[in-house]
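Below are the chains, spelled out letter by letter.
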Amino acid sequence: MGFLEQAERLRRLPPYLFKEIDRQKAEVRDRGVDIIDLGVGDPDLPTPTHIIEAMKVAAEDAANHQYPSYSGMNDFKYAVAEWYEERFGVEVEPEKEVVSLIGSKEGIAHLPLAFINPGDVSLVPTPAYPVYHTATLFAGGESYFMPLLEENGFLPDLDAIPEEKARKAKLMFINYPNNPTAAVADQVFFNTVVAFAKKNGVLVCHDAAYTEMGFNGYRPPSFMEAEGAKDVGIEFHSLSKTYNMTGWRIGFAVGNEDAIAGLGTIKSNIDSGVFQAIQIAGIKAIRADQACVGENMEIYTRRRNLMVEGLRNAGFALDEPKATFYMWVRVPEGFTSAQLASRLLEKGVVVTPGNGFGEPGEGYFRIALCQKRDRLAEAIDRIKALAL
Ligand SMILES: *Cc1c(COP(=O)(O)O)cnc(C)c1O
């Protein structure tokens, strides 16, 4: 590419650590091996019918064919505010404290453009969803990585953040229930985050993509439930995992009015909002009976139980996850994450090596429960046959 040089912001992107596993996956597939993909966190189950029906009707209505409002339809924002009150007991002002998003990734990726100047710091967990760091880079900022360690329940140790980094920090990203570790946070942790944010003038960005995915009646809390959270925080939600709507691209953010306004200004200069028919389907999803979410979680519970037992019988060490559709499994002695993933791939079982989410993920691998039970059982058989 002689004449076309990529911008610095693309050249600053971290190396793509899944390249080798992708190459190996293609090679194994070319050999005709049947592949069971436990790598990707993308629900295999369909979007519930009542949501699709709402979309069909809304798609036929010409009023929805024009540009939507940048910050989202009022009906959508009111539906979100009602849901927040009912689900978390948190009051939000729909027209000032809610914005609709083209998936929560869109909002997370755009937020640093509103609040990070070159040289500013984002506090970013590791291992983590990669967007927190890359979005910080795109805004010219730097990440200070907060390791999520098993001995701390995969919560960041805020006392370990150097004073100087805390002072330079403008944003802190957190994500509970967590991808990739499946860890959960309680109100005590959220309270310490609020105190830290107030002390250091940091905007907290809580990625809450998995709050509706608790097992056995466990209901993960919202960061906004913490006293004072709305003074310092914005929370990102997604309809993707809750309603099997990853392909639809709809989510929303709730929280501090200035944070929402800043994000809204960025969005109004980049995108033009969410297709109204999709927002109407989203309203249906949020307002309708939530039985479909419970049914989903029953399916994931059966899958989780099968997989936890299967992996333990195969000699792996793991905690039973309380939420999300992920399992974060320790790699047995004598292997790196990459070596283990590679051995499993030889048998056609794809898992994600933990170091791909950040260096402290070394020693673990992630399984996504987005396959039917017979496929999971088959994966367990193949893993057992390896006799690691
Ligand atoms: C899936 C996922 C998202 C993105 O969800 P979309 O709303 O589909 O963009 C955000 N954060 C985490 C941690 C995720 O796993």
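A brief structural summary.

Cut-offs used in this document
Residue numbers here run from 1 along each chain, matching the order of that chain's written sequence. Whole-chain, interface and lining totals are the exception, using all residues; otherwise, since this is a predicted model, local features are given only for residues with pLDDT of at least 70 and side-chain atom pairs are given and counted only at 80 or more. Side-chain metrics rest on all non-hydrogen atoms present in the structure, leaving aside hydrogens and water. Here a residue is considered near a molecule or strand provided that any single heavy atom belonging to it is located within 4 Å of it. Any pair of nitrogen or oxygen atoms within 3.5 Å is treated as a polar contact; in protein, a donor-acceptor pairing is required on top of that, and neighbouring residues in sequence qualify only through side-chain atoms on both sides. Using the Shrake-Rupley algorithm and a 1.4 Å probe, accessible areas are obtained, with residue cover drawn only from the displayed protein chains. All residues other than Ala, Val, Leu, Ile, Met, Phe, Trp, Tyr, Cys, Pro, Asp, Glu, Lys and Arg, Gly among them, are scored as polar; the first ten of these are nonpolar and the last four charged. Stacked, tilted and edge-to-face pairs are distinguished by plane angle, under 30 degrees for stacked and over 60 for edge-to-face with tilted covering the rest, among Phe, Tyr and Trp rings (Trp via its six-membered ring) whose centres lie within 6.5 Å. Strands are runs of DSSP state E lasting at least 2 residues, helices are runs of H or I lasting at least 4, and numbering of each runs from the N terminus. Only protein chains enter the accessibility calculation, which uses a 1.4 Å probe; a residue whose area is less than 20% of its type maximum is buried, one above 50% is exposed, and one in between is partly exposed. Ring-over charges, as used throughout, are those where CZ of Arg or NZ of Lys falls within 6 Å of the ring centre and within 35 degrees of the ring normal. The angle between two axes is taken between their N-to-C directions and runs from 0 to 180 degrees, where each axis is a line fitted to C-alpha atoms and a helix contributes only its stretch in contact. In a left-handed crossing the near helix is turned counterclockwise from the far helix by less than a right angle, and in a right-handed crossing that turn is clockwise. The criterion used for residue contact is that any of the two residues' heavy atoms lie within 4.5 Å.

**Details of the site of the ligand**
Part 1: Around the ligand, the structure places 15 residues, and the nearest of them are D207, Y210, S238, S240 and K241.
Part 2: S104 places a main-chain nitrogen or oxygen 2.7 Å from an oxygen atom of the ligand.
Part 3: The protein chains hide 94% of the 390 Å² of surface that the ligand would expose on its own.
Part 4: Of the residues contributing to the shell around the ligand, the split by class is five nonpolar, six polar and four charged.

**A closer look at the packing of aromatic side chains**
Part 1: Tallying each qualifying case throughout the model produces 18 aromatic pairs.
Part 2: Geometrically, the ring pair formed by Y210 and F325 is edge-to-face, given 5.7 Å between the ring centres and 75 degrees between the ring planes. Here Y210 is found in the loop between β6 (203-207) and α10 (229-232), whereas its partner F325 is found in the loop between α13 (291-313) and β9 (326-330), with 115 residues between them in sequence. As far as the burial class goes, Y210 and F325 line up, both buried.
Part 3: Put simply, the rings of F76, W83, Y84, F88 and F252 touch in pairs and so form one group of aromatic residues.
Part 4: Seen from the ring of F215, R304 lies directly overhead, with NZ or CZ sitting 4.3 Å from the centre.

**Observations concerning the packing of helix α6 (residues 104-115) against helix α7 (residues 131-138)**
Part 1: Orientation of α6 relative to α7, taken along the N-to-C sense of each, is 35 degrees, at an axis distance of 7 Å. Between α6 and α7 lies a crossing whose hand is right-handed. Contact residues: α6 offers K105, I108, A109, P112 and L113, while α7 offers V131, Y132, A135, T136 and F138.
Part 2: The residue makeup of the contact of α6 with α7, split by class, is eight nonpolar, one polar and one charged.

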